[in-house]
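Listed below are the residues making up each chain.
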Amino acid sequence: MYQPEFTHALPDPETQPEFYADVATKRLLAFVIDVLLIGVLTVIAIIFSLFLFTFIAALVYAVISFIYRTMSIANRSATPGMRIMAIEMRTLTGARLSLPMAAAHTLGTTLSFAFFPAQIASIVMMLATARGQGLTDQVIGTVVLNKRAGA
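What you see is a predicted model, and the numbers here were worked out from it, not measured in a lab. (Residues numbered from 1 in each chain as written. Predicted model: local features only at pLDDT ≥ 70, side-chain atom pairs only at ≥ 80, totals over all residues. Heavy atoms only, no water.)

A. The arrangement of the nonpolar core in detail. In this structure, Val 23, Ala 30, Ile 73, Ala 78, Met 82, Met 85, Ile 87, Met 89, Leu 97, Ala 102 and Val 144 together form the largest nonpolar core, which totals 11 residues. If sequence neighbours within four positions are ignored, Val 144 has contacts with Phe 19, Tyr 20, Val 23, Arg 27, Met 82, Ile 87, Glu 88, Met 89 and Arg 131. (Core = buried A, V, L, I, M, F, W, Y, C linked by side-chain atoms within 4.5 Å. Buried < 20%, exposed > 50% of the residue type's maximum accessible area, 1.4 Å probe, protein only. Contact = heavy atoms within 4.5 Å.)

B. Structural view of helix α4 (residues 99-114). Taking 1.5 Å of rise per residue, the 16 residues of α4 would be expected to cover 22 Å, and the 22 Å separating its terminal C-alpha atoms lies within 8% of that figure. Restricting attention to buried positions, one finds in α4 the residues Ala 102, His 105, Thr 106, Gly 108 and Ser 112. Angularly, the buried residues of α4 cover 160° about the axis, an arc narrow enough to put them on a single face. Opposite the buried face of α4, by more than 90 degrees, sit the exposed residues Pro 100 and Ala 114. Residues of α4 that are buried in the fold lie against α1 (23-48), α2 (57-76), β1 (87-91), α5 (116-128), α6 (135-140) and β2 (142-146). (Helix = DSSP H or I, 4+ residues; strand = E, 2+ residues; numbered from the N terminus. Expected span 1.5 Å × (residues − 1). Arc of directions from axis to C-beta.)

C. Fine view of the side chain of Thr 106. Mapped onto the elements, Thr 106 comes out in helix α4. With relative accessibility at 3%, the residue Thr 106 sits in the buried group. A distance of 2.9 Å separates a polar atom in the side chain of Thr 106 from the backbone oxygen of Ala 102. When sequence neighbours within four positions are dropped, the list of residues in contact with Thr 106 reads Phe 66, Arg 69, Thr 70 and Ile 73. (Polar contact = N/O pair within 3.5 Å; in protein donor to acceptor, adjacent residues only side chain to side chain.)

See below:
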């Protein structure tokens, strides 16, 4: 498995810009992929419930989404959509995210989507900051990097 060229800190965006190139766009595409996969899982859950979950489909989607994102980030520092787009999350020390960090990031992202101004602020931050960090990334100390940068 590829390991980035750092062990104790993040790559510098000025000297190693390849780690941050196009990450905002890749995050958006990864998000779309993940939404589609979570939608498929939700439909499967509704079918297996003999359609009883139809009445609470939004809640089922939210629960599946939280578990999907938290567990995939905790296990591989990336959701399946992020892995397809060859990006991954790291802490500010360069470490992979632990389960509590993954849950915190998922909760922060969920809250950002719940409050539209926070989501807009997050998008602007991703586009304007050197490391492309969104609001949740800034608050809990994470960053999304190109996985195969410099490879």
